[in-house]
Structure formats: C-alpha cells, structure tokens
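Residue strings, one per chain:
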Amino acid sequence: MDIKFHSTVIMTHNFDKMKAFYQEILQQEIDVDFGNCIGFKNGISLWKLSEDYTIAKKLGKTYHPSGNKNLEICFDTDDYEAVITKLKKHDLIYLHETIEESWGQKTIRFYDPENNLIEIGETIPCFVKRFYHEGMSVNQVSERTSVPIEMVKEICLTE
C-alpha cells in the first residue's frame, strides 16, 4: 500500500476573503482552481462547502466559526524582518508578536480571517547562520538550536 500526503484543507465561510488573504498577505500561488475549491502550490486547499457536500451533511454545517484550535499552519522565510514589516501593514489579530523560541527560531503567530492559527518563522538555515555569525562555534550552535552538528556544518561551512 502506498499512501502519501496530499494537502491540508481549510473549510471556509468567506471564500473570497480567505483566498485574498492567502494570496495577497501570505503570497501563496494557486495551483488549481475549481471555483469553490482552490489548491495552493504549498499543499493548502480552501473549500467553500455547499449544504449537500458529505462533510457538511455529517457535521450539520458548512463552516464552524471558531476556526481550528488544534492546528497551526506554518510558513517560513529567509527574510523574516522584511516579511514582518509587510505583515504589519495589514490589520491582523496576533497571538503574539515576534518571539525567539527556545531553540532560537524567531516566530510570529496570528490568525487568518476565519481564526485559523498561522505561524511565520525563520528557516532553519536562517537562525542557524544567525547564531554562527554572532560568533558561536558549530558545536555551540548545534547545542543551542538542537540542529544536528552535521546539518549545522552543512549550513554554515558551505557558505
């Protein structure tokens, strides 16, 4: 048996607003568009359910306004500060502003228009290089970030 991951689906109430959010604010490109269902190249899909759709029939609704409280949609970037500057131009509801996680990665968390939690963080190479350029040895970077030494060497010593 061969099972492979396909996508993450967000059931949406205001399809157009959600589509604009993911395209314009999070800069995601559409791969397929079926009208009431779109798939982004990153593997996230947005669905606007109709009453006759199986999920809506089983759940008794096409959308739940509380968002998903057990799911975080994560994005990362090598240009964290520039991305945050662009985010700040939008009226977003933040769970928290930029923090440094215990492993050293800078992250920010906020909600999409339908209360799904979004994280944007530095890529692993970004925060590993940051510590290395601040003067930490490969071993110290590995210890600080929990990134394996071989991976730290590959990131930092092949620049």
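Up top is the structure these notes are about.
Residues numbered from 1 in each chain as written. Predicted model: local features only at pLDDT ≥ 70, side-chain atom pairs only at ≥ 80, totals over all residues. Heavy atoms only, no water.

> Go over the sheet that holds strand E8 (residues 117-122) with me, naming the residues and quoting the values.
Strands sit in the order E5-E8-E7-E6 across an open sheet of 4 strands; the sheet is mixed. One side of each edge strand has no neighbouring strand; the edge strands of this open sheet are strand E5 (72-77) and strand E6 (93-100). For this sheet, the mean angle separating the axes of adjacent strands, direction not counted, is 15 degrees. In the packing of helix H4 (residues 124-133) onto the sheet, contacts are made with E5, E6, strand E7 (106-111) and E8, and the angle to E8 comes to roughly 45 degrees. (Pairing = 2+ DSSP bridges. Helix = DSSP H or I, 4+ residues; strand = E, 2+ residues; numbered from the N terminus. Axes fitted to C-alpha atoms, helices over the stretch in contact; angles between N-to-C directions. Contact = heavy atoms within 4.5 Å.)

> Now, about the packing of H4 against helix H5 (residues 138-145): what can you tell me, with residues and values included?
The geometry of H4 relative to H5 is characterised by a closest axis approach of 9 Å and an angle of 135 degrees between their N-to-C directions. In terms of orientation, H4 lies oblique with respect to H5. As H4 runs across H5, the sense of the crossing is right-handed. In this structure, H4 contributes Phe 127, Val 128, Phe 131 and Tyr 132 to the contact, and H5 contributes Val 138, Val 141, Arg 144 and Thr 145. Residue composition of the contact of H4 with H5, by class: 6 nonpolar, 1 polar and 1 charged. (Parallel < 35°, antiparallel > 145°, perpendicular 65-115°, else oblique. Left-handed = near helix turned anticlockwise from the far one by under 90°. Nonpolar A, V, L, I, M, F, W, Y, C, P; charged D, E, K, R; others polar.)

> Explain the environment of Asp 79 residue by residue, including any values.
Here Asp 79 is to be found in the loop between E5 and helix H3 (80-87). Relative accessible area serves as the criterion here: at 48%, Asp 79 is assigned to the partly exposed category. Counting along the chain gives 12 residues from Asp 79 to Asp 91, while the straight-line C-alpha distance between them is 21 Å. (Buried < 20%, exposed > 50% of the residue type's maximum accessible area, 1.4 Å probe, protein only.)

> I'd like a description of the state of the cysteines, backed by residues and values.
One pass over the structure, following the stated rule, counts 0 disulfides. Cysteine Cys 74 is unpaired, with the sulfur of Cys 126 as its nearest cysteine sulfur at 16 Å. No disulfide involves Cys 126; its nearest neighbouring cysteine sulfur is the one of Cys 156, lying 11 Å away. Assessed through its relative accessible area of 19%, Cys 126 is described here as buried. (Disulfide = S-S within 2.5 Å.)

> Tell me about H5, and name the residues and values.
Of the residues making up H5, those classed as buried are Val 138, Val 141, Ser 142 and Thr 145. What you see down the axis of H5 is that its buried residues fit within an arc of 100 degrees, all on one side. Of the exposed residues in H5, the ones pointing more than 90 degrees away from its buried face are Asn 139 and Glu 143. Turning to H5, the residues buried within the fold contact H4 and helix H6 (149-156). Ser 146 sits one or two positions beyond H5 and adopts a positive phi of about 70 degrees. (Arc of directions from axis to C-beta.)

> Kindly report on the nonpolar core, identifying the contributing residues and their values.
One finds Tyr 22, Leu 26 and Phe 110 to be the most contacted residues of the largest nonpolar core, which totals 21 residues. Going through the elements one at a time, helix H1 (15-25), strand E3 (37-40), strand E4 (44-47), E5, H3, E7 and E8 are the ones with two or more residues in this core. Considering each element in turn, this core owes the most residues, 5 residues, to H1. Setting aside chain neighbours within four positions, we find Phe 110 in contact with Phe 21, Leu 26, Leu 87, Leu 92, Ile 93, Tyr 94, Leu 95, Asn 116, Leu 117, Ile 118 and Ile 120. Core analysis: the next-biggest nonpolar cluster, separate from the first, contains 9 residues, Phe 127, Phe 131, Val 141 and Cys 156 among them. (Core = buried A, V, L, I, M, F, W, Y, C linked by side-chain atoms within 4.5 Å.)

Remember that the coordinates give geometry; whether it matters functionally is a separate question.
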